Amino acid sequence: MTNPPERRQPQTFGLPWPDLNDGLFYNDVVRPSDSELTLIEFYSSKYKNSAPRLGWVQRIESGQIAVDGRADTDPNTILRVGSELVYHRLPWREPEAPYLLEVLYEDDDMVALNKPSGLQVLPGGLFQQRTALTQLQWWASKQGSSLARQEPHPVPVHRLGRGTSGILLCAKTKLAKTHLAAYFADGTSSIEGNRIANLETCEVRKITKIYRALVTGILSDDKVIIKQPIGMVQYPGVAKGLYVASPSGKPALSKVAVVERDVQGNHTLVQVEIQSGRPHQIRIHLSFIGHPLLGGTRGQQNLFQETVATTCMHIKWFSLTQLPIRRPKLPHLFHLFSLRKRRPK
């Protein structure tokens, strides 16, 4: 009797986050229309949403703003055309976030990671350092092999919401990044201009993204195709507005299939394949058909804003074919399904 093969120990990497990040630096060049303004007039008018006038006075007097390479603590300094301004936002403690990443697949061109829920992919908002990109950069800086010679900083080629766990595909070289990014754009470009047709015989994409999500209510149909456009609307208190289901928005296509119905709990586990990649598309489309993500919407009934507490969405697999890059032995078909099916408690 042969012994079963040993289970491979997962390869993980990640460094604990420092208590404080490095802060941020914002650069400006004084234009002719801004000449003769004082330093406080420039910042309090141009960035009035960042801080009140008194707040900018305090930042200037504490030496956080440099003019042409030297800290200037006088709010009444007259600006000259072409002067370079740098505002240093002081370091701060970012919200808690996981830091360990599991390697699911790796070769000379790419690495696939199991991104945990709670980790942001790219810098934004309060998360400027505690991101998957930062951990990738730290990891790459420690590699002394061909990785460092080809591409010092591997980068994600797509995004997953901070509250979403799943497979994050990252390119190690510029060439791989170019081709992978084009593959991810295939689905969106094919439905641009409201050209959503022949949905059942849609062209097979080189990369397929399939999510699993737990939604409220019981879906009666086993399969649902959602073609509702998604656009942005202005909303009080949200500077950039909200993405919502809107007839005037951009085309979006989601294919929903029921995996399991929990009649007693009034929940349905669904699998969602997205052909386009609109912001918050899955949350918006599922809410549009009356089955929002469990804990995945907030605000008013017709406004579907992302809730980072949602942890039940998972990418199931990527299917990657014929990546036209230098290494000819790249696998023709790349399937990953090492994520465990998890449900919210």
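For the structure itself, look to the data block above.
Residues numbered from 1 in each chain as written. Predicted model: local features only at pLDDT ≥ 70, side-chain atom pairs only at ≥ 80, totals over all residues. Heavy atoms only, no water.

Chemist: For this particular structure, what's the right way to read the overall build of the chain?
Modeler: Looking only at helices and strands, the chain features 6 helices and 16 strands. Taking the contacts inside the chain whose residues are at least 6 apart along the sequence as the reference set, 66% of them involve residues at least 24 apart. Of the roughly 18,900 Å² that the chain leaves accessible, carbon and sulfur atoms contribute 51%. (Helix = DSSP H or I, 4+ residues; strand = E, 2+ residues; numbered from the N terminus. Contact = heavy atoms within 4.5 Å. Areas by Shrake-Rupley, 256 points an atom, 1.4 Å probe, with all protein chains shown as cover.)

Chemist: In this structure, what is going on with the environment of Ala252? I would like to understand it.
Modeler: By the secondary structure assignment, Ala252 is in the loop between strand E13 (238-245) and strand E14 (254-262). Since its relative accessible area comes to 0%, Ala252 is described here as buried. (Buried < 20%, exposed > 50% of the residue type's maximum accessible area, 1.4 Å probe, protein only.)

Chemist: In this structure, what is going on with the packing of helix H1 (residues 39-46) against helix H2 (residues 53-61)? I would like to understand it.
Modeler: The geometry of H1 relative to H2 is characterised by a closest axis approach of 9 Å and an angle of 130 degrees between their N-to-C directions. Classified by the angle between their axes, H1 and H2 sit oblique to one another. Considering the relative orientation of H1 and H2, their crossing is right-handed. Residues Leu39, Ile40, Tyr43 and Ser44 of H1 lie in contact with H2, whose contacting residues are Arg53, Trp56, Val57 and Ile60. Considering only residue class, the contact of H1 with H2 consists of 6 nonpolar, 1 polar and 1 charged. (Axes fitted to C-alpha atoms, helices over the stretch in contact; angles between N-to-C directions. Parallel < 35°, antiparallel > 145°, perpendicular 65-115°, else oblique. Left-handed = near helix turned anticlockwise from the far one by under 90°. Nonpolar A, V, L, I, M, F, W, Y, C, P; charged D, E, K, R; others polar.)

Chemist: When you look at the sheet that holds strand E9 (residues 166-171) in this model, what are you seeing that I'm missing?
Modeler: Backbone hydrogen bonds hold the strands of a sheet together, and the pairing may be parallel or antiparallel. Reading across from one edge, E1-E6-E7-E9-E8 is the order of the 5 strands in this open sheet, with antiparallel pairing throughout. Since the sheet does not close on itself, it has two edges, and those belong to strand E1 (11-13) and strand E8 (155-156), each with one partner. In the sheet, E1 pairs with strand E6 (residues 101-106) via 3 bridges, with the strands oriented antiparallel. Residue pairing across strands places Phe13 opposite Leu101, the latter belonging to E6. (Pairing = 2+ DSSP bridges.)

Chemist: Sorry, what's going on with the sheet that holds strand E5 (residues 84-89) here?
Modeler: Taken together, the 4 strands give an open sheet; going across it, the order is E2-E5-E3-E4, and neighbouring strands pair in antiparallel fashion. In this open sheet, the two edge strands, each paired with only one partner strand, are strand E2 (24-29) and strand E4 (70-71). Of the pairings in the sheet, the one linking E2 to E5 comprises 6 bridges and is antiparallel in character. Each bridged residue has a counterpart across the sheet, and for Phe25 the counterpart in E5 is His88.

Chemist: What is the right way to look at H1 in this model?
Modeler: Think of an α-helix as turning once every 3.6 residues; residues three or four places apart then point the same way. By the burial criterion, the buried members of H1 are Leu39, Ile40, Phe42, Tyr43 and Ser44. Contact partners of the buried residues in H1: E2, H2, strand E3 (65-67) and E5.

Chemist: Could you clarify how one ought to interpret the pattern of salt bridges in this entry?
Modeler: Per the stated rule, a full pass over the model turns up 7 salt bridges. The partner of Arg261 in a salt bridge is Asp222, with the nearest N and O atoms 2.7 Å apart. Of this pair, Arg261 sits in strand E14 while Asp222 is found in the loop between strand E10 (210-216) and strand E11 (223-226), placing the two residues 39 residues apart along the sequence. Connected through shared salt-bridge partners, Asp19, Arg93 and Glu96 make up one network. (Salt bridge = Lys/Arg side-chain N within 4 Å of Asp/Glu carboxyl O.)

Chemist: Just checking my understanding: could you explain H2 for this structure?
Modeler: Taken together, the buried positions of H2 are occupied by Gly55, Trp56, Val57, Arg59 and Ile60. Close packing links the buried residues of H2 with H1, E3 and E5. Looking at the residues trailing H2, positive phi occurs at Gly63, about 85 degrees.

Chemist: How should the packing of aromatic side chains be read in this particular structure?
Modeler: When we look at a pair of aromatic rings, we describe it by the centre distance and by the angle of the planes. Counted according to the given criterion, the structure contains 8 aromatic pairs. Here Tyr26 and Tyr87 contribute two aromatic rings whose centre-to-centre distance is 5.7 Å and whose plane-to-plane angle is 15 degrees, an arrangement assigned as stacked. Placement of Tyr26 in strand E2 and of Tyr87 in strand E5 is noted, with a sequence separation of 61 residues between them. Since its relative accessible area comes to 37%, Tyr26 is described here as partly exposed. Taken together, a centroid distance of 5.0 Å and an interplanar angle of 70 degrees make the contact between Trp56 and Tyr87 edge-to-face. Here the residue Trp56 occupies a position in helix H2, and Tyr87 occupies one in strand E5, the gap between them amounting to 31 residues. On the basis of relative accessible area, Tyr87 is assigned to the buried category, the value being 8%. Put simply, the rings of Tyr26, Phe42, Tyr43, Tyr47, Trp56 and Tyr87 pair up and form one aromatic cluster. (Phe/Tyr/Trp six-rings, centres within 6.5 Å; stacked < 30°, edge-to-face > 60°.)

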